[in-house]
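# Architecture and fold: a report
Residues per chain are reported as follows:
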Amino acid sequence: MERVTQLVTRLQHICTSLGETAMSDGNLLWNKLSTIVVIGGQSSGKSSVLEAVVGRDFLPRGTGIVTRRPLVLQLVKIDKNEEWGEFPHAPDKKFYNFDEVRDEISEETDRHLKRFSNRVVSGDPIYLTVYSPNVPNLSLVDMPGLTKVPIDGQPASIVQELEDMARQYIKGENAIILAVTPANADLATSDALRMAREVDPSGERTIGVLTKVDIMDRGTDCRDVLLGKSLKLRHGWVAVVNRGQADINNKVTMQMTRQREDDFFNSVGAYADLPNRGTNYLTEKLSTHLVNEIMRNLPSISQYIDTNIARLEKELKSMGGDVKVGRGSMMHLVLTLCHKLERAYCKTVDGGRDGGERILDVFEIKLKDAIQKLPFQKILTLKNVQNVVNEADGYQPHIIAPENGYRRLIEDGLSLLRDPAFQAIEQVHQILKQIVAMAVNHPDCRDLLRFFNLKAEILANSSATLEKLRKDADMMVRTLVDMEASYLSASFFREIVAAESYAYDPSRPKPAFVTLTGELLFERRYDTLPPNDAHLQRIADHVSAYLQVGLTASTDGLGGDLQAM
């Protein structure tokens, strides 16, 4: 039977490791497990009851809220003549000194609560297993003591927090409530009984424990309660006598306390003939009742676990099956997934409207349209041409042709190409990022969906790589524009000079140079303009024709170079 109780405690520990406790919402495994939950008001003697069951002093003591987290206590009876405690959060250490067990409970509570700001208590349990030849095979959950009024230094909400926490642990239909109440107080004022009645009004899951029986008012006793006449519980009441604070200060041993307890009940006529009194009776009753409840619930626990295993296995299979353990196997899996992603990416880029066609549309349509809409005519107004030529000449006016002016005007025109090119780069950059996202969610890459960290890392690296390529493309555009502006084709202007000399020889063909407005350069007439305007207009037309030739080559060349990037 001890293996059954150990299995339940192990399942509870697994639940907590996975973030599932009695504080969690939903139909969870924790609520399926039979658990004895000890509740009682502060100073009700709850800690003394547990220490009497264990036979050791191991719980933190003091004033106010001493137990600040639920303590899942598993007792394991062994044949060895030694005793020790173990904590799952300190798996490599056995605590043979139970004063160290008490200190570890306090320290682990402090470590846990430091993670949260302004929290005094927490519903996440601490697990402690005690091995001893003097304990029953038993598992209990010790809850923080209930209080009615917060003391100095405690938040005003502490009363409600403690009640809500205890209620969460005892409301499950498989929770066995051990309600500890001092016998020298009115049962009607008992916090433990009040809360037990809220979740178990019929008393089907409640066991009552009366403490401080030995200090009741002279002439009074709790016999009627123990007989179930005053307040009936299905599983009855048990009376115990524990050590007082003076006994603890005087180092009275548990063995001496047990003997005093027996002597008291045997010497008082109201209790001498009753079986349900004493710590020995309480431990035996709890152990037997817990095992019976676990055995009763085993079929439903087993069914719940089997159902969830089948559901999770189905879900795992839908995600691609189990993952082999080992560095080599994991590396192979990662490389395989990356290769699938690469193929999905290439397939999308080489595909239709959602991939490569969108990129082609940027270069073939959007880039060309943007270049055609550039404000070249503002550069080629007569006023601007005159200003540029004058500024370029400086203090030495040109003699025949304003070469520096030509260069400045052409540079200004070519510089307009930067913005459309940068816009095209950014558009393609965004399209490629979208394609990466599409590739990650491609049916061929569905295995990636279960590896969240790998998927996030792939997206992060893809984004970083595309950003680097975008910056490289920006730099390339600047370089191309600077190259075009820094070197002017002298042959173009030689052809213009030669063609203009053919004016009296119509038999010789002229180059089909076209201005930005679509007019043939050599069909332009200037005889209707004033001489200075005709001179400036001729310069503007020459620059316009040069830019048109350059744009035709640059649009195709720039688009091709960007696609290559």
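Note that the structure is predicted; figures quoted are calculated from it, not measured. (Residues numbered from 1 in each chain as written. Predicted model: local features only at pLDDT ≥ 70, side-chain atom pairs only at ≥ 80, totals over all residues. Heavy atoms only, no water.)

Next up on the list: empty space enclosed by the protein. Summed over all chains, the structure comprises four cavities of 30 Å³ or more. A volume near 60 Å³ is recorded for the largest cavity. Taken together, 11 residues form the lining of the largest cavity, with Trp30, Asn31, Leu33, Tyr169 and Ala175 sitting closest to its centre. (1 Å grid on protein atoms, 1.4 Å probe; cavity = no way out; pocket = protein on both sides within 12 Å on 5 of 7 lines; lining within 4 Å. Points joined across faces, edges and corners; volume = space filled by probe spheres on them.)

Another point: the pairing of strand 2 (residues 71-77). With six of seven residues buried, strand 2 is to be regarded as a mostly interior element. Of the strand pairs in this sheet, strand 2 and strand 5 (residues 126-132) are connected by seven bridges, and their pairing is parallel. Looking across to strand 5, one finds that lysine 77 is bridged to serine 132. For strand 2 and strand 6 (residues 138-142), the ladder comprises five bridges, and the chain directions are antiparallel. Paired with valine 72 across the two strands is valine 141, which belongs to strand 6. (Buried < 20%, exposed > 50% of the residue type's maximum accessible area, 1.4 Å probe, protein only. Helix = DSSP H or I, 4+ residues; strand = E, 2+ residues; numbered from the N terminus. Pairing = 2+ DSSP bridges.)

So, on to the side chain of threonine 348. Tracing the chain through its elements places threonine 348 in helix 11 (residues 327-349). With a relative accessible area of 12%, threonine 348 lands in the buried category. Looking at threonine 348, its side chain comes within polar contact range of the main-chain oxygen of alanine 344, at 2.8 Å. Excluding residues within four positions of it along the chain, threonine 348 makes contact with Asp354, Gly355, Gly356, Ile435 and Met438. (Polar contact = N/O pair within 3.5 Å; in protein donor to acceptor, adjacent residues only side chain to side chain. Contact = heavy atoms within 4.5 Å.)

The contact between helix 12 (residues 356-372) and helix 16 (residues 418-440) brings their axes to 10 Å, and the two run at 160 degrees. Here helix 12 lies roughly antiparallel to helix 16, going by the angle between them. Crossing of helix 12 against helix 16: the hand is right-handed. Along its contact with helix 12, which presents Arg358, Ile359, Val362, Phe363, Lys366, Leu367, Ala370 and Ile371, the element helix 16 presents Pro420, Ala421, Ala424, Gln427, Val428, Ile431, Leu432, Gln434 and Ile435. Class assignment of the residues belonging to the contact of helix 12 with helix 16 gives a composition of 13 nonpolar, two polar and two charged. (Axes fitted to C-alpha atoms, helices over the stretch in contact; angles between N-to-C directions. Parallel < 35°, antiparallel > 145°, perpendicular 65-115°, else oblique. Left-handed = near helix turned anticlockwise from the far one by under 90°. Nonpolar A, V, L, I, M, F, W, Y, C, P; charged D, E, K, R; others polar.)

Function cannot be read off these values alone, since they describe shape.
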